[in-house]
Amino acid sequence: MARQHRIQPGDRVRYSSEFCRTIGALTGWLPSARGTVTALWGGGQDLARIRWDHHPDGPGTIGGAHVSALQRQTPTGWLPRR
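Once a new chain begins, its residue numbering starts again from 1 and follows that chain's sequence as written. Only residues with pLDDT of at least 70 are given local features in this predicted model, and only at 80 or more are side-chain atom pairs given and counted; all residues enter the totals for whole chains, interfaces and linings. Excluded from the side-chain calculation are hydrogens and water; included are all heavy atoms of the structure.

Topic: the pattern of salt bridges
Here, a salt bridge means any Lys or Arg side-chain nitrogen found within 4 Å of an Asp or Glu carboxyl oxygen. Going through the model one piece at a time under the given rule, you end up with two salt bridges. The partner of Arg 72 in a salt bridge is Asp 11, with the nearest N and O atoms 4.0 Å apart. Here Arg 72 is found in strand β5 (residues 70–74), whereas its partner Asp 11 is found in the segment before β1 (12–15), with 61 residues between them in sequence. Residue Arg 12 pairs with Asp 53 through a salt bridge whose shortest N-O separation is 2.6 Å. With Arg 12 in strand β1 and Asp 53 in the loop between β3 (47–52) and β4 (62–66), the pair connects residues that are 41 residues apart, well separated along the chain. A relative accessible area of 26% means that Asp 53 is categorised as partly exposed. A run of H or I in DSSP becomes a helix once it reaches four residues, and a run of E becomes a strand once it reaches two; helices and strands are each numbered from the N terminus. The cut-offs for exposure are 20% and 50% of the maximum accessible area for each residue type, with area from a 1.4 Å probe on protein chains only; residues under the lower value are buried, those over the upper are exposed, and the others partly exposed.

Considerations on the environment of Val 67
With respect to the element layout, Val 67 can be found in the loop between β4 and β5. When the C-alpha positions of Val 67 and Gln 8 are compared, they lie 9.6 Å apart, and in sequence the two are 59 residues distant.

Below, the structure is given as structure tokens:
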């Protein structure tokens with residue numbers, strides 16, 4: 001049975017501040033990256049396919065990230081990663 005994540009296809013996401021600090025990405029496009037999850041895949045559905053809004057390669061660029069590095073946007077703000 002696949003694990004359930006709070007992040008699902010259609011969710012708006014960004015890289016978490018904790019993740020950005022951990023890898024030393026304090027400037028540049030990564031800390032301000034925002035996008036929409038288009039699919040979950042991989043063993044345990046732990047990887048998210050993301051259509052980024054603003055990316056160095058142009059808007060709409062498809063990329064991916066492990067769900068543990070992401071935060072989900074809600075009507076009340078950005079939720080902690082889970």
